[in-house]
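# Examining the three-dimensional arrangement
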Amino acid sequence: MTSALFSPGMAALILFGGFFFLLAIRVPVAFALGLASLPVLVLEPRLSPMVLFNETFKTYNSFILLAVPFFLLTANLMNAGGITDRMMRLSRALVGHFPGGLAQINVLLSVFFAGISGSASADAAGQGKLFIEAQVKEGYDLSFSIAVTAVSAVLAVIIPPSILMVVWGGVISTSIGAMYLAGIVPGLLLGLAQMATVHAYAVRRNYPVYPRADFAELVKSAGVAIPALMTPLIIVGGILLGWFTATESAAAAVLYAALLSLFFYREMGFKQFIAAVLDSGKLSAVALFCVGTASVFGWLLAYYQIPKALLSNVQTWGMGVIGVGLFIAAAFLVVGCFLDAIPAIIIVGTTLQPLAQSVGMHPVHFAIVGILALAFGLVTPPYGMCLMIACAVAKVPLRFALKDTMIMVVPMLFVLLGVIVFPEIALFLPRLFSPEMIN
Amino acid sequence: MNKFLRLIDDLLAFLLVFTLLLLLVPVCLQIFSRYTDFIPRYMWTEEMSRFFFIWLIMLGATIGVREKMHFDVDFLPKLSERTNRALLFLWGIEFTQFGWNQTSELADMPMWWIFIAWPISGFLWIVFLLHHMFSASDGDESANQESVV
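This report concerns the structure included in the present document. Quick caveat: nothing in here was measured; it's all calculated off a predicted structure.

Quick look at the overall build of chain B now. The helix and strand tally for chain B stands at 5 helices and 0 strands. Going residue by residue from the N terminus, the α and β elements of chain B occur as α-α-α-α-α. Burial statistics for chain B: of 149 residues in total, 47% are counted as buried. If you take every contact in chain B between residues at least 6 apart in sequence, the share linking residues at least 24 apart comes to 78%. Element-wise, carbon and sulfur atoms account for 68% of the exposed surface of chain B, whose accessible area totals about 8,400 Å².

Let us now look at the pattern of salt bridges. Under the defined criterion, the tally for this structure stands at 8 salt bridges over all chains. Note that A:Glu55 and A:Lys58 form a salt bridge whose closest N and O atoms lie 3.0 Å from each other. Here the residue A:Glu55 and the residue A:Lys58 both occupy positions in helix α3 (residues 50–60), the gap between them amounting to 3 residues, near one helical turn. Of the residues examined, A:Lys58 reaches a relative accessible area of 55% and is grouped as exposed. Measuring nitrogen to oxygen at the nearest pair gives 3.1 Å for the salt bridge that ties A:Lys282 to B:Glu67. Pair noted here: A:Lys282 is in helix α13 (residues 270–303) and B:Glu67 is in the loop between α2 (44–66) and α3 (81–106), and the two residues belong to different chains. When its relative accessible area of 29% is taken as the criterion, B:Glu67 is described as partly exposed. One network of salt bridges, with partners in common, ties together A:Asp141, A:Arg205 and A:Asp404.

Structurally, A:Thr56 can be placed in helix α3. Using a relative accessible area of 5% as the deciding quantity, one classes A:Thr56 as buried. Separated by 238 residues in sequence, A:Thr56 and A:Ala294 have C-alpha atoms that sit 8.7 Å apart. When residues no more than four places from it in sequence are discounted, the contact partners of A:Thr56 are A:Gly292, A:Thr293, A:Val296 and B:Trp118.

Here we come to the packing of aromatic side chains. Residue and element names in this part refer to chain A. Scanning the model with the defined rule gives 19 aromatic pairs over all chains in all. Seen from their ring centres, Phe31 and Phe289 are 5.1 Å apart, and the 45° between their planes marks the pair as tilted. Note that Phe31 is positioned in helix α2 (residues 29–43) and Phe289 in helix α13, a separation of 258 residues in sequence. For Phe31, a relative accessible area of 5% puts it in the buried group. A relative accessible area of 4% places Phe289 in the buried class. Both rings, one in Phe264 and one in Tyr265, keep their centres 5.1 Å apart while their planes meet at 70°; by these two values the pair is edge-to-face. Geometry around Tyr210 places Arg92 over its ring, the cationic atom sitting 4.0 Å from the centre.

Next up on the list: helix α10 (residues 176–205) of chain A. Residue and element names in this part refer to chain A. Between its terminal C-alpha atoms α10 stretches 42 Å, which fits the 44 Å expected from 30 residues at 1.5 Å a residue. Ile184 marks the point of greatest bend in α10, at about 30°, and the proline Pro186 comes within the next four residues. The backbone nitrogen of Gly177 has a side-chain oxygen 3.5 Å away, supplied by the residue at the start of α10, namely Ser175. Looking one or two residues beyond α10, the residue adopting positive phi is Asn206, at roughly 60°.

Here we come to the packing of helix α9 (residues 163–172) of chain A against helix α16 (residues 341–358) of chain A. All names here are of chain A. Axis separation between α9 and α16 bottoms out at 10 Å; the angle between their running directions is 40°. Viewed along their axes, α9 and α16 adopt a mutual orientation that is oblique. Here α9 and α16 pass one another in a crossing that is right-handed. Two secondary-structure elements touch here, α9 through Leu164, Val167, Trp168, Val171 and Ile172 and α16 through Ala341, Ile342, Ile345, Ile346, Gly349, Thr350 and Gln353. Looking at the contact of α9 with α16, its residues break down into 9 nonpolar, 3 polar and no charged.

All names here are of chain A. The end-to-end C-alpha distance of α16, which contains 18 residues, comes to 24 Å, matching closely the 26 Å that a straight helix rising 1.5 Å per residue would cover. Roughly 40° is the biggest bend found in α16, and it falls at Gly349. When you tally the buried positions in α16, you get 13 out of 18 residues, the bulk of the element. In the segment just after α16, Gly360 is the residue with positive phi, at about 75°.

Reading guide: rules and limits
Residues numbered from 1 in each chain as written. Chains lettered and ligands numbered in written order. Predicted model: local features only at pLDDT ≥ 70, side-chain atom pairs only at ≥ 80, totals over all residues. Heavy atoms only, no water. Helix = DSSP H or I, 4+ residues; strand = E, 2+ residues; numbered from the N terminus. Buried < 20%, exposed > 50% of the residue type's maximum accessible area, 1.4 Å probe, protein only. Contact = heavy atoms within 4.5 Å. Areas by Shrake-Rupley, 256 points an atom, 1.4 Å probe, with all protein chains shown as cover. Salt bridge = Lys/Arg side-chain N within 4 Å of Asp/Glu carboxyl O. Phe/Tyr/Trp six-rings, centres within 6.5 Å; stacked < 30°, edge-to-face > 60°. Lys NZ or Arg CZ within 6 Å of the ring centre and 35° of its normal. Expected span 1.5 Å × (residues − 1). Bend = angle between axes of the 7 residues up to and from the residue. Polar contact = N/O pair within 3.5 Å; in protein donor to acceptor, adjacent residues only side chain to side chain. Axes fitted to C-alpha atoms, helices over the stretch in contact; angles between N-to-C directions. Parallel < 35°, antiparallel > 145°, perpendicular 65-115°, else oblique. Left-handed = near helix turned anticlockwise from the far one by under 90°. Nonpolar A, V, L, I, M, F, W, Y, C, P; charged D, E, K, R; others polar.

Here's what the structure looks like:
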């Protein structure tokens, strides 16, 4: 682009320089992305600050992203409606008698919760209150209890529904239904890896065990929890059967959760209902606002063809699908340490997409590798939201639980590696159930 | 002044709850109309839901500024209170320019009832930021930050 005022290198310097400077003076990420775009927009004769408005408008004017507030509302309604308690009872009946019973329940409950909610922070906050104190009382180490809570919470963004997948589908146009299916097996594998780690800890440190639940208790607890556990089936099944789109499925999930907690479990009053709505509205709007400004930033990067310049170097390395997969995972792992997952998808995901495409990496495989790697960012410092929340609940500084968290993360890295090397781990479910979504 | 701001807070919170609940109506209508005969297949449902969605984001982002919910990155040492305020002021000036640009170029657009969301939130951001700047510092700034992910 010879007519542009700035060369790609110069533009990249101004954009990233401005962005990091603004971050350094504690401007929130969402605003830093927008403000860092301003100097270029003002100086470049062909552009104007109206781009900032146009691009944010285009982003928000999207029917897909509408699913984000709905999924968050579903999770909040289920939390307020006493559904978590019911699922806890079932988890206890299922895994309570394993070594480290309460910690195993912590992981399994996260798996169940992940199927209802797409938000790892909601999980970390809810279960932090539920488990950390209780585990310490039973003789578990505090740092281990925090680590298990934080690390198991990230399952929420991998097991469908997932807010990250909705955002990914919205900005990189990949089938959300196919991503949902592709997330199931890697998510369950991560859960198993965590349970194995908990087992190893529990045997070594002699953590307590619950007596095995009898069959009657198992059936009873399953009976109470089943209506709640139907939610993921409604969401994923409804999309697959063509009953509704991703957004409509989220609205259906809200209605279902509201009916369940208002009329079936009957633990939620009108006041809590309004509080859940207000909370979901605030949180999702703050996150989505950042999607808008990150899109402007990403649009400018593309305008100056900066991704192309960055990747032309990488493309000469001659990597295959596995090499590119590793490169993508590494990029997301590093970025995820510093940035919230949503702006990371918009800026890094769109940048890496041509690279993934050029080596013939399947778009759904690309999405799952990216989202898995970003999930690690939720527990890695300095900006690991789930770890921060779990530490805040326990009222200790972040570094207190760091060592145990890193130990718990290692087996999960093997799962990530497995998904990179064997794409079929992710792809075989969507291939089986909806071949038309994946082609 | 504080009373006035609290009034705005309540109004914003009310509008946010109202918009989110209202958003459910067109999306659900869209589903039901597909499977029932007595509800006609409205054409306006998707447009209307996007309209309320945009308002939801801008309103919520404004509440976010008020309650300091937007994330900042915490790996650098804290600056002194004074530098912080000076920088916030510069930031405010940039915002004003941003909002002004938008308002002036928007005047003759037919979809103003959507676009007006930007200048309104821009204006409220500035009001809230000024209020943060000149009110006593209230402890840890990142206490309210949560993530949707």
